[in-house]
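Now for the letters of each chain:
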Amino acid sequence: MNEITRLREPYPTPERQQEAAMMGAYIFLATEIMLFGGLFLVIAWLRYSHAPDVVAASKRMHLGLGALNTAVLLTSSALVALSVAAAREGKPAPVRLGLCGATLLGLAFLAVKAMEYRFEYREGLLPVPGSGAALSKAGEHLFMNFYLISTGLHAVHLTIGVLLLAGLLIRSMAGRLPLPDRAIVVTVIGLYWHFVDIVWIFLFPLLYLAR
Amino acid sequence: MPKAMQILSVWLALMALLAATVVSSMLLQGTAGLAASLVIALAKAALVFWFFMHLREENGLARIAATGAVLWVAILFLLSGLDIVTRGL
């Protein structure tokens, strides 16, 4: 899809310029898939070799909050997709509306996650000083370690995503995002946001739904 | 706007799959439960990649760049999995 009207060096055609931008974003996300892929492998190994411990620990997760956060992220992704579609059509108002909604949903996800960590800390589940007393088996401790590392790493990515979305919203409101000329910026930031959504799509069943 | 309708349909499908994964975790246990949740997660990821991440509109080269890492993760899982299963690690 041709969405860049201003051609830059060294690209001969707008199509090539568009392709290069998309390709760069996809390859960056591929490196992120490898980063999280290693974590998923370790969680899968733990599930296989210490199944009873993993199931026991997984049953203590706050399933309702995890499912709520999944719905929040899926909805935010749909809003970002709507923003991208509007950006390509050169309509700034729906772009801002979508970005604003997605930013707020991203913040809501982080708030729910923080609340969840607090509950788990109080219940003695989190592997941090002052907590973790509720777990007796080594496999349960290991599961909670991976839970904290993987959800923490995801939360860091999500925070970066919220900052990117908010920055884009401010840029658009300041009139420094000409559309559809610069729709590619919305598209690429959207790609990152969808990727963060996909990581959670895998983390949710692996961590919350082991039975 | 037909594009908005498409996004809405994908969102509805994603929410239905979320409900399906929660329900399947209540019904299935062990390997069957893990397999069901992973298949549903892959279906959700495929929907997001295909529609939201624009693979539907891109050419073959971009599709390979976007999904190449999935192949590498599959190799990582396959070879490590063989070790774990056959050598009792």
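In the block above lies the structure referred to throughout.
Conventions adopted
- Residues numbered from 1 in each chain as written.
- Chains lettered and ligands numbered in written order.
- Predicted model: local features only at pLDDT ≥ 70, side-chain atom pairs only at ≥ 80, totals over all residues.
- Heavy atoms only, no water.
- Contact = heavy atoms within 4.5 Å.
- Buried area = accessible area lost by both parts, 1.4 Å probe.
- Salt bridge = Lys/Arg side-chain N within 4 Å of Asp/Glu carboxyl O.
- Polar contact = N/O pair within 3.5 Å; in protein donor to acceptor, adjacent residues only side chain to side chain.
- Nonpolar A, V, L, I, M, F, W, Y, C, P; charged D, E, K, R; others polar.
- Helix = DSSP H or I, 4+ residues; strand = E, 2+ residues; numbered from the N terminus.
- Buried < 20%, exposed > 50% of the residue type's maximum accessible area, 1.4 Å probe, protein only.

With 47 residues of chain A in contact, the opposing surface of chain B contributes 43 residues. A combined buried area of about 3900 Å² lies between chain A and chain B, and 79% of that area is made up of carbon and sulfur atoms. Contact with chain B buries area across many residues of chain A, yet Tyr26, Leu41 and Leu74 of chain A alone supply 15% of it, more than any other trio. The interface formed by chain A and chain B holds one salt bridge in total. Residue Glu57 of chain B is joined to Arg88 of chain A by a salt bridge in which the shortest nitrogen-to-oxygen separation is 2.9 Å. Between chain A and chain B we count six residue pairs in polar contact (both at pLDDT 80 or more) in total. A class-by-class count of the residues in the side of chain A that touches chain B yields 31 nonpolar, nine polar and seven charged.

By the secondary structure assignment, Phe40 of chain A is in helix α1 (residues 14–49). In this structure the C-alpha to C-alpha distance between Phe40 of chain A and Leu206 of chain A, which are 166 residues apart in sequence, comes to 8.3 Å. Beyond its immediate stretch of four places on either side in the chain, Phe40 of chain A contacts Val199, Phe202, Leu203 and Leu206 of chain A together with Phe77 of chain B.

Let us now look at the pattern of salt bridges. Under the definition given, this model contains five salt bridges over all chains. When the shortest N-O distance is used, the salt bridge between Glu57 of chain B and Lys3 of chain B registers 3.4 Å. With Glu57 of chain B in the loop between α2 (30–52) and α3 (60–87) and Lys3 of chain B in helix α1 (residues 2–27), this pair connects stretches of sequence that are 54 residues apart. According to the relative accessible area criterion, Lys3 of chain B is partly exposed, its value standing at 24%. The network of salt bridges with shared partners includes Arg88 of chain A together with Lys3 and Glu57 of chain B.

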